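# Analysis of the macromolecular model
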Amino acid sequence: MAISIAIDNVTRTFGTVKALEGVGLKIEAGEFFTLLGSSGSGKSTLLKLIGGFDRPTTGRVLFDEQDVTDMPANRRPSNTVFQDLALFPHMSVGDNVAYGLKVKGIAASERNKRVDSTLALVDLAGFAERNVNLLSGGQRQRVALARALVMEPGILLLDEPLTGLDERLRQQMRDEFGRLHQRTGSTFVLVTHNQDEALSLSDRMAIMHKGTIEQVGRPADFFANPANDFVARFVGMERILKPERLERSGGDTVAVIAGERLVLPGARDVGEMGLLAVRPDRISLVNGHAAPGSSLAATVAGRQFRGRFFDFHLELGDGQKLDAEIAVEFASAWPEPGNPVRLEFAGGALVPVPPSRTAANRDT
Amino acid sequence: MKSPGFLLALPTALIVLLLGFVPLIVILVWSFWTWDPATYWIRPEFSLAGYEAILEAGRWSVILGSLGKAFLTATICVAIGYPAAMAVHFLASRRTALLLMALFTIPFFTSYMIRAFSWRLVLGRNGLINGWLMDVGIVDQPLDWLLFSNFAVNVGLVASYLPFVIFPLILSMQRVEPSLLAASQDLGAGFWRTFRSVLLPLTQAGIFAGFLFVFVMAAGSATEVQMLGGAAASMISVMINDVMRVVNFPLAFAISTVVMIILFGLIYIGNRLFKLTRLFEGFTW
C-alpha cells in the first residue's frame, strides 16, 4: 500500500552548515513526487531523512501520520535505489534481489517466485544467475530497481538514479520509472538535478535551493506561475528582464522597459519590484510594423543554430539581453548581427516574477 | 616491456630476485646435498638425510607446534584487529583515526627484545597482573602459568603482530562502498546481518592478508619464545639455529624448505579462495 509522507518543519545542520532549514512538505500516498535542485540544495539530505539514513536536527518525519523520525532505515517501509546503485558485488542478480526477502525470513519457494516475477517486471527474466558485475549500465539499473521493488515498498526512493547513463538509456529508464509507478501504485520520491526528468515524470515536484523549498506544485505551475526568478531560471527561463516599473491597468499588467510600454494581458500582479521571466519560444521578430504595446525595439547580437530552431541573441535599448527561439524556416530572412529588429511578445512570453528572497540566489 | 613502469620496477625486481629468490633456491638445492664430516660442509651429492632427520628428535612436533602457535596468534589478531579496524574506519573522525593508527604502529618503534622483555614485567610472578590479582584478592599465590608458558608466548606474539593485521583490514574496508552497507540496511538488515552478509564477505581478502602476514611472521619468530616461553618451548627458527650450531646444514635447509613449502602452499590456496591479489588492485569487482 502506498504511504504518504509529511516533513514537519525539518532542519538539519552539519556543524555550522544548514543543509535543510525549516522544510515543510506533504507528499500524498501514491504520488510521483520529485525533489529538484542543484547540488548542495539539500535534496539528497531530505531523501536520506525520508529513507531513515539520517535524523533531522529538529523537526519530524511522518509516514501515514505516524512519527518515524527515530525509526532506523531497516525498519521503515521505504526502499531506495541508490545513486551508485550499490549492488552487492559478491552476489548474483538473483541473490541481490532476494536479499531483502531473505532478511525478512520469507521462505525460499515464495522468495524465488517473487524474485522471478520482479525480475520479469523490470525486463530481466532469466537473469537471476548472472554476475552483477558483468551487466551493462541499464541492466544494473534494473537490478537495483528490482531489488527495491521486490520488497513491495510503500515508498520508493530514487536518488539520482539516472546519472551516469547515456541519453538514450536515460530516456528509456525514465519511461520505465513512469510505467513501474503505474504498475506498483507506490509513492515514488525522485531526487534529481535534471529538470526534464522532473517535468516528464512528476505528479508534483518541489524545487529546492540552499536547504529550503522554493516552490511546490504540478510541473505546469512552474512555468505559468514561477514563485520567483530563481525558479523561473531553474525551469529553463534563463533570461530575466528587469523592467523600469510594473503597473496594474485593469486586469492586465503593464511593464515599462527601455522607455517603451508593454501590456502583458492577464499577467498576475507581483508588485512594483517584480521581474520578468522570458519564454524564448513565445517571441517573434518583426520587420517594420508591429503592434504598439506588445513589442519592443532590439538589436540582433548574434544567432546560433540549434537544430529545430535558431537561437537569436538580442539586446534591448537599455542594454538588457534576451533570447528568442525562431523556427528554422522563418529564420533565414532575418537580419544579420548588428541590425535592429522589433520583438513581438505573444501572451505569456513575459512572466512577472517576484525577486527571490536573497540576492545571492541570483548567482545560481 | 619498454615502458617507464618496467624501468622503475627493475631495481626492486632485481633486489627481490637476488636477495630473496636466489637464496631460497640455494637453500632448496643444498637441502638435498650430503653433509661431509671431513670439511664440516656439504658436498654436491644427492641425499635425503636432512629430510629423514626432520622426523627424528621431535622436530616434527616443533614444526607443528610453531605452526599451531602461529595459527592461534593470527586468529586472535584477526579477532581483535577486525573490531579495531572497524572503529578506525567507520566510527572515528579523521583526527581520531590518525591518532589510533599512530598508536597501532607503536610496537614497530621498539625492538622485539625490549617488547618481549616488557611482558616479563607484566606477566611475571611479581609482575603487574599477579600483583593486581593478589591485591584484589582473586588469588593467594601468584599464577605461574602467566609467564614462561605458551600463554605468555601467544600474548607476546599477538602484541607484536597486531598492527600487521589492522592495516590490511582497514585497506579492505576502504574498498567497501558505504552505500552497500546503507543498501543492506535499507533492505531491512540490522547491524549483525549487514556485518555477516555484506561487510565480512567483502573484506575477506583483507582478513586473509592480515592473517597471512601475522601467520608467516609468527611462524618465523624466535624472540618471543626465547624470552617468554618455558624451558622446553621451541620454535622453528630456534630449532634451525640449534641445528646450525652443530653445523648440520642439510637438516637446517631441509627444515627451512619444508616450512617454505607449507607457507607458499598456504598463500597459494588463500589466493585461490580469497582473491588476495584484489586487495592490491584497483577496485575491480
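Worth saying up front: this structure is predicted, and the values here are computed from it rather than measured. (Residues numbered from 1 in each chain as written. Chains lettered and ligands numbered in written order. Predicted model: local features only at pLDDT ≥ 70, side-chain atom pairs only at ≥ 80, totals over all residues. Heavy atoms only, no water.)

Along chain B, the regular secondary structure elements total 13 helices and 2 strands. Along the longest, intermediate and shortest principal axes, the C-alpha atoms of chain B span 75 × 70 × 30 Å. By the burial criterion, 42% of the 285 residues in chain B qualify as buried. For chain B, the proportion of contacts with a sequence separation of at least 24, taken over those separated by at least 6, is 70%. Accessible surface computed for chain B: about 15,700 Å², of which carbon and sulfur atoms make up 72%. (Helix = DSSP H or I, 4+ residues; strand = E, 2+ residues; numbered from the N terminus. Buried < 20%, exposed > 50% of the residue type's maximum accessible area, 1.4 Å probe, protein only. Contact = heavy atoms within 4.5 Å. Areas by Shrake-Rupley, 256 points an atom, 1.4 Å probe, with all protein chains shown as cover.)

Another point: empty space enclosed by the protein. Residues and elements named next belong to chain A. Applying the stated criterion across every chain, the model contains 1 cavity of 30 Å³ or more. As a volume, the largest cavity reaches approximately 30 Å³. If you trace the largest cavity, you find it lined by Glu160, Pro161, Leu162, Thr163, Arg170, Thr192, His193 and Glu197. Looking at the lining of the largest cavity, its residues break down into 2 nonpolar, 3 polar and 3 charged. (1 Å grid on protein atoms, 1.4 Å probe; cavity = no way out; pocket = protein on both sides within 12 Å on 5 of 7 lines; lining within 4 Å. Points joined across faces, edges and corners; volume = space filled by probe spheres on them. Nonpolar A, V, L, I, M, F, W, Y, C, P; charged D, E, K, R; others polar.)

This part takes up the confidence of the model for chain A. Put simply, chain A has an average pLDDT of 89, and 97% of its residues get 70 or more. Counting interchain partners and residues more than four positions distant, the pLDDT-below-50 stretch residues 359-364 of chain A has 15 contacts. (pLDDT = per-residue confidence, 0-100.)

Residue and element names in this part refer to chain A. Spatial ordering of the open sheet is given by β6-β7-β8-β3-β9-β10, a layout of 6 strands whose pairing is mixed. The open sheet has two free edges, formed respectively by β6 (78-81) and β10 (212-217), since each of these has just one partner strand. Direction aside, the axes of adjacent strands within the sheet are offset by 20° on average. Where strand β3 (residues 32-36) lies against strand β8 (residues 187-192), 5 bridges are found, and the strand directions are parallel. Pairing of threonine 34 across the sheet is with leucine 190, part of β8. The sheet strands contacting helix α5 (residues 167-184) are β3, β7 (155-159) and β8, and the helix crosses β8 at an angle near 160°. (Pairing = 2+ DSSP bridges. Axes fitted to C-alpha atoms, helices over the stretch in contact; angles between N-to-C directions.)

Take the interface of chain B and chain A next. How big an interface is tends to be reported as the loss of accessible area on association of its parts. Contact residues are listed per partner, giving 19 residues for chain B and 22 residues for chain A. For the chain B and chain A pair, buried surface summed over both sides reaches about 1,800 Å², with 62% attributable to carbon and sulfur atoms. Our enumeration of links across chain B and chain A arrives at 0 salt bridges. Between chain B and chain A we count 7 residue pairs in polar contact (both at pLDDT 80 or more) in total. (Buried area = accessible area lost by both parts, 1.4 Å probe. Salt bridge = Lys/Arg side-chain N within 4 Å of Asp/Glu carboxyl O. Polar contact = N/O pair within 3.5 Å; in protein donor to acceptor, adjacent residues only side chain to side chain.)

The next subject is a nonpolar patch on the surface. Where nonpolar side chains cluster on the molecular surface, the patch consists of Phe6(B), Leu7(B), Leu10(B), Leu14(B), Leu17(B), Phe21(B), Ile25(B), Leu28(B) and Val29(B) and spans about 770 Å² of accessible area. Turning to its location among the elements, Ile25(B) is positioned in helix α1 (residues 4-30). (Patch = residues over 30% accessible without salt bridge, like charges linked within 9 Å, V, L, I, M, F, W, Y side chains within 5 Å.)

In this section: helix α4 (residues 94-109) of chain B. For an α-helix, the turn length of 3.6 residues means that residues three or four places apart are oriented alike. Residues and elements named next belong to chain B. Compared with an ideal rise of 1.5 Å per residue, which puts 16 residues at 22 Å, α4 spans 23 Å between its outermost C-alpha atoms and is within 8% of the ideal. Within α4 the residues assigned to the buried category are Ala97, Phe104, Thr105 and Pro107. In this structure, the buried side of α4 is in contact with α3 (59-91), α5 (112-123) and α7 (150-174). (Expected span 1.5 Å × (residues − 1).)

Attention shifts here to unusual backbone geometry. Residues and elements named next belong to chain A. Despite not being glycine, leucine 85 shows a phi value in the positive range, around 70°. Phi angles above zero are rare outside glycine, and alanine 86 is one such case at about 55°. Topologically, alanine 86 is positioned in the loop between β6 and α2 (93-104).

Within this structure's numbering, the places UniProt gives as "domain: ABC transporter" (unreviewed entry) are residues 5-235 of chain A. Each end of residues 5-235 of chain A is marked by a C-alpha atom, and these two atoms are 25 Å apart; helix forms 37% of the span and strand 26%. (UniProt positions renumbered as here; feature names shortened; annotations may be inferred.)

Turning to the UniProt feature "transmembrane region" (unreviewed entry) in chain B, a few remarks are in order. Residues and elements named next belong to chain B. When the UniProt feature table is mapped to this numbering, "transmembrane region" (unreviewed entry) covers residues 7-33, 70-91, 98-118, 151-171, 198-219 and 251-270. A distance of 30 Å separates the end C-alpha atoms of residues 151-171, which is 100% helix and 0% strand. Helix makes up 100% of residues 251-270 and strand 0%. Its end C-alpha atoms lie 29 Å apart.

Evaluated as defined, the whole model comprises 15 aromatic pairs over all chains. Measuring from ring centre to ring centre gives 5.5 Å for Phe71(B) and Phe211(B), while their planes differ by 75°; the resulting arrangement is edge-to-face. Of this pair, Phe71(B) sits in helix α3 while Phe211(B) sits in helix α10 (residues 204-219), placing them 140 residues apart in sequence. With a relative accessible area of 13%, Phe211(B) lands in the buried category. Members of the aromatic cluster, joined through ring pairs, are Tyr82(B), Phe191(B), Trp192(B) and Phe195(B). Stacked on the ring of Phe88(A), the Lys or Arg Arg147(A) has its end atom at 4.7 Å from the ring centre. Between Arg303(A) and the ring centre of Phe310(A), over which it is positioned, the NZ or CZ distance is 5.0 Å. (Phe/Tyr/Trp six-rings, centres within 6.5 Å; stacked < 30°, edge-to-face > 60°. Lys NZ or Arg CZ within 6 Å of the ring centre and 35° of its normal.)

Take the pairing of strand β13 (residues 252-257) of chain A next. Residues and elements named next belong to chain A. When you tally the buried positions in β13, you get 5 out of 6 residues, the bulk of the element. In the sheet, strand β12 (residues 245-249) pairs with β13 via 5 bridges, with the strands oriented antiparallel. In the sheet register, arginine 248 faces β13, and the bridge partner there is threonine 253. The loop that links β12 with its antiparallel partner β13 comprises 2 residues; one of these, glycine 250, has a positive phi angle of about 65°. Looking at chain direction, β13 and strand β14 (residues 260-264) are connected through 5 bridges and run antiparallel.

Residue and element names in this part refer to chain A. By the criterion of burial, β10 is predominantly enclosed, with 5 of the 6 residues buried. Judged from the 5 bridges that link them, strand β9 (residues 204-209) and β10 form a sheet pairing that is antiparallel. Residue pairing across strands places histidine 209 opposite threonine 212, the latter belonging to β10. Hairpin connection from β9 to β10: 2 residues lie between these consecutive antiparallel strands, with lysine 210 at a positive phi of about 50°.

Considering the arrangement of structural elements, one finds Leu17(B) in helix α1. With 94 residues separating them along the chain, Leu17(B) and Ser111(B) place their C-alpha atoms 28 Å apart.

Turning our attention to the nonpolar core. Counting 100 residues, the largest nonpolar core has Leu145(A), Leu158(A) and Ile255(B) as its most contacted members. The element contributing the most residues to this core is α3(B), with 12 residues. In this structure, Leu158(A) is in contact with Phe32(A), Leu47(A), Val81(A), Leu145(A), Phe177(A), Phe188(A), Val189(A), Leu190(A) and Val191(A), ignoring residues within four places of it in sequence. Judged by nonpolar contacts, the second largest core, of 28 residues, contains Val300(A), Phe312(A), Ile326(A) and Leu343(A). (Core = buried A, V, L, I, M, F, W, Y, C linked by side-chain atoms within 4.5 Å.)

This paragraph deals with the layout of surface pockets. Volume-wise, the largest pocket comes out at about 530 Å³. Put simply, the parts of the chain that give the lining of the largest pocket at least two residues each are α3, α8 (178-186) and α9 (191-202) of chain B. Among the elements that make up the lining of the largest pocket, the one with the highest residue count is α3(B) (6 residues). In this model, the second largest pocket occupies a volume close to 350 Å³. In terms of lining residues, the second largest pocket is bounded by 15 residues, among which Gly236(A), Met237(A), Glu238(A), Pro280(A) and Glu325(A) are the most central. Counting residues per element, the ones that place at least two in the lining of the second largest pocket are β18 (309-316) and β19 (321-327) of chain A. Residue composition of the lining of the second largest pocket, by class: 6 nonpolar, 1 polar and 8 charged.

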